[in-house]
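Given next are the chains, with one letter for each unit.
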Amino acid sequence: MAIPSSLRPVLHAIAETVIPATAALEPDGWVSLERIVTNAVAARPPRMQRQLALFIRVIEWLPLLRYGLPFSKLTPARRHRFLESLQDSPLLLVRRGFWGLRTLILMGYYTQGRAIAAIGYRADPRGWSVRP
């Protein structure tokens, strides 16, 4: 499942809230993040892919009830508070949905070369013996 173009601004807003450094991504960085997320989601059953797309839409429109604006139009502080409410929801399904989406975003960002270099990650697939 490719990220539908209508959900990209929402995914970007969620990513910028979860990982503020994504706000500085160049267009190719966003393409890479979306590709990584898309590839990870493509390995899941179609039902789960539809659930993820629905969950992103719910994240976009649910804040309308509390703040009068969709998620992508909220201030960073309100976005943060809203995502915290999902993370701490009494509903297990909501918590799992948020943590799954958060994990995809973290994977999409932190597996990119620039992010790896920025955090000083030096792991090597050949193991500890090749580290200086």
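Look a little higher up for the structure.
Figured I'd write up the structure that's included with this text.

Calculation rules
- Residues numbered from 1 in each chain as written.
- Predicted model: local features only at pLDDT ≥ 70, side-chain atom pairs only at ≥ 80, totals over all residues.
- Heavy atoms only, no water.
- Salt bridge = Lys/Arg side-chain N within 4 Å of Asp/Glu carboxyl O.
- Helix = DSSP H or I, 4+ residues; strand = E, 2+ residues; numbered from the N terminus.
- Buried < 20%, exposed > 50% of the residue type's maximum accessible area, 1.4 Å probe, protein only.
- Core = buried A, V, L, I, M, F, W, Y, C linked by side-chain atoms within 4.5 Å.
- Contact = heavy atoms within 4.5 Å.

Some remarks on the pattern of salt bridges
All chains considered together, the criterion is met by two salt bridges. Between Arg8 and Glu34 there is a salt bridge whose closest N-O contact spans 2.8 Å. On the criterion of sequence distance, the pair formed by Arg8 in helix H1 (residues 8–18) and Glu34 in helix H2 (residues 27–42) is long-range, its members being 26 residues apart. Residue classification places Arg8 among the partly exposed residues on the basis of a relative accessible area of 33%. With a shortest N-O distance of 2.9 Å, Asp28 and Arg114 are connected by a salt bridge. Of this pair, Asp28 sits in helix H2 while Arg114 sits in helix H7 (residues 113–118), and the two are 86 residues apart along the sequence. Note on Asp28: relative accessible area 47%, which makes it partly exposed.

Let's talk about the nonpolar core
One finds Ile14, Ile59, Phe71, Leu83 and Leu101 to be the most contacted residues of the largest nonpolar core, which totals 30 residues. At the level of elements, H1, H2, helix H3 (46–61), helix H5 (76–87) and helix H6 (92–110) are the ones that each hand at least two residues to this core. Once residues within four sequence positions are removed from consideration, Ile59 is found in contact with Ile14, Phe71, Phe82, Leu83, Leu86 and Leu101.

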